[in-house]
Amino acid sequence: MNVRQKPERTRLSAEDWEDAALTLISEQGVGALAVEALARQLGVTKGSFYWHFRTREALLQAALERWEQYGEREIISQIEAIPDPRERLPELFRRVAHELQPHRVYAALLKALDHPLVVPVMARVSKRRTEFLHTAYKQAGMEGADALNRARLTYAAYVGFLQLNFTLGLPRLSHEEFDAYVEHMIATLIPA
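Residues numbered from 1 in each chain as written. Predicted model: local features only at pLDDT ≥ 70, side-chain atom pairs only at ≥ 80, totals over all residues. Heavy atoms only, no water.

### Some details on the packing of helix H4 (residues 56-80) against helix H7 (residues 118-139)
Here is the rule we go by: Axis definition: a line fit to C-alpha positions, over the contact stretch in the case of helices; interaxial angles, taken between N-to-C directions, run 0 to 180 degrees. Helix and strand assignments follow DSSP, with helices taken as H or I runs no shorter than four residues and strands as E runs no shorter than two, numbered in order from the N terminus. Working definition: roughly parallel below 35 degrees, roughly antiparallel above 145 degrees, roughly perpendicular at 65 to 115 degrees, and oblique for all remaining angles. In this analysis, two residues are considered to be in contact whenever any of their non-hydrogen atoms come within 4.5 Å of each other. Polarity classes work like this: nonpolar for Ala, Val, Leu, Ile, Met, Phe, Trp, Tyr, Cys and Pro, charged for Asp, Glu, Lys and Arg, and polar for all others, with Gly in that last group.
Between H4 and H7, whose axes approach to 10 Å, the crossing angle comes to 5°. Between H4 and H7, the angle is such that the two are roughly parallel. Seen from H4, the contacting residues are Gln61, Leu64, Trp67, Glu68, Glu72, Ile76, Ile79 and Glu80; seen from H7, they are Val118, Val121, Met122, Arg124, Val125, Arg128, Arg129 and Phe132. Its residues assigned to classes, the contact of H4 with H7 comprises 9 nonpolar, 1 polar and 6 charged.

Below is the structure:
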């Protein structure tokens, strides 16, 4: 989901604009999303934008859907493909821990829960992720209510860490400390 500056003569796709929007959102928040700023960043005119989108809100909606689909396609579907259910959760924790850009977008969206386009996406994403965790915990051997509560606790720990890290800049961890934190989360939240 990285965007590079492109020369004016290069025709940008809708996906290029969506990626640029997600990058801007992750860096400055939903409120900073502006067509002119993106066009400048991409080295093109606003006309390129209007070839793909009618409004800023249409771009925001498409970018949010792209971010949402990335989580489904790149994370959940790959974890579901792991044959041993007991290996899925540790792999999920490790893989998700190193997905920086999607975390930055998520943290920015948490700050924009008053935006009418953000709320339904965040609700769907949170619901699907909690359901996925619930299923993964059940498949790893936990019983129904315990699996659901552990899924909620796991997701709350994830969201809380993002809030602390991206909103407050805490905790400031080295790579080694962060990897140790992830391993501690695995040992604490995943049944042996």
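### Some words on the layout of surface pockets
A water-sized probe rolled over the atoms picks out the places where empty space is left. Rule in force here: Using only the protein atoms, space was sampled on a 1 Å grid; points where a 1.4 Å probe fits but cannot get out form cavities, open sets with protein on both sides within 12 Å along at least five of seven lines form pockets, and lining residues are those with an atom within 4 Å of a point. Grid points are joined across faces, edges and corners, and a volume is the space filled by probe spheres set on the points.
Put simply, the largest pocket is a space of about 840 Å³. Along the wall of the largest pocket there are 35 residues; nearest its centre are Phe93, Val96, Ala97, His103 and Tyr158. Counting residues per element, the lining of the largest pocket draws most heavily on helix H8 (residues 144-167), at 8 residues. Residues belonging to the lining of the largest pocket are distributed by class as follows: 25 nonpolar, 7 polar and 3 charged.

### Things to note about the environment of glutamate 18
Inspection of the secondary structure assignment puts glutamate 18 in helix H1 (residues 14-28). Every residue in contact with glutamate 18, bar those within four places of it in the chain, is listed here: Phe53, Leu59, Ala62, Ala63 and Arg66.

### Describing the UniProt feature "DNA-binding region" (unreviewed entry) in the protein
Put simply, the rule reads: UniProt positions are given in the numbering used here, feature names are shortened, and annotations may be inferred rather than shown by experiment.
In the numbering adopted here, UniProt assigns the feature "DNA-binding region" (unreviewed entry) to residues 34-53. Within the segment residues 34-53, helix and strand shares are 75% and 0% respectively, and the terminal C-alpha atoms sit 13 Å apart.

### Quick look at the packing of aromatic side chains
Heads up, the rule is: Centre distance within 6.5 Å is the pairing criterion for rings of Phe, Tyr and Trp, where only the six-membered ring of Trp is used; planes under 30 degrees apart are then read as stacked, over 60 as edge-to-face, and the remainder as tilted. Buried, partly exposed and exposed residues are distinguished by accessible area as a fraction of the type maximum, computed with a 1.4 Å probe on protein chains only: under 20%, between the cut-offs, and over 50%, respectively.
All chains considered together, the criterion is met by 10 aromatic pairs. Aromatic side chains tryptophan 67 and tyrosine 106 sit 5.9 Å apart centroid to centroid with 55° between the ring planes, which places their arrangement in the tilted category. Here the residue tryptophan 67 occupies a position in helix H4, and tyrosine 106 occupies one in helix H6 (residues 100-110), the gap between them amounting to 39 residues. The exposure classification of tryptophan 67 matches that of tyrosine 106, with both residues buried. Look at phenylalanine 161 and tyrosine 181: their rings are 4.8 Å apart centre to centre, the planes differ by 20°, and that puts the pair in the stacked class. With phenylalanine 161 in helix H8 and tyrosine 181 in helix H9 (residues 175-189), the pair connects residues that are 20 residues apart, well separated along the chain. One aromatic cluster in this structure is built from Trp17, Phe49, Tyr50 and Phe53.

### Description of the nonpolar core
Nonpolar side chains tend to gather and get buried jointly when the protein is soluble and globular. The following threshold applies: We define the nonpolar core as a collection of buried residues of types Ala, Val, Leu, Ile, Met, Phe, Trp, Tyr and Cys that are connected through side-chain atoms lying within 4.5 Å of one another.
Membership of the largest hydrophobic core comes to 60 residues, with the highest contact counts inside it found for Trp17, Trp67, Leu89, Tyr106, Leu109 and Tyr137. Counting only elements with at least two residues in this core, the list comes to H1, helix H2 (35-42), H4, helix H5 (85-97), H6, H7, H8 and H9. Of all the elements, H4 adds the most residues to this core, at 9 residues. Setting aside its immediate chain neighbours within four residues, tyrosine 106 contacts Trp67, Met122, Val125, Ser126, Arg129, Tyr155, Tyr158, Val159 and Leu162.

### Observations concerning the side chain of glutamate 99
Note the cut-off: Only four residue types enter the tally: Lys and Arg on the positive side, Asp and Glu on the negative side; His and the chain ends are excluded. Salt bridges are defined by distance alone: a side-chain nitrogen of Lys or Arg within 4 Å of a carboxyl oxygen of Asp or Glu.
Within the element layout of this structure, glutamate 99 appears in the loop between H5 and H6. It turns out glutamate 99 is buried and unbridged, and the closest side chain with the opposite charge, arginine 95, is 6.5 Å from it. Those residues in contact with glutamate 99 that lie beyond four places of it in its chain are Tyr70 and Ile75.

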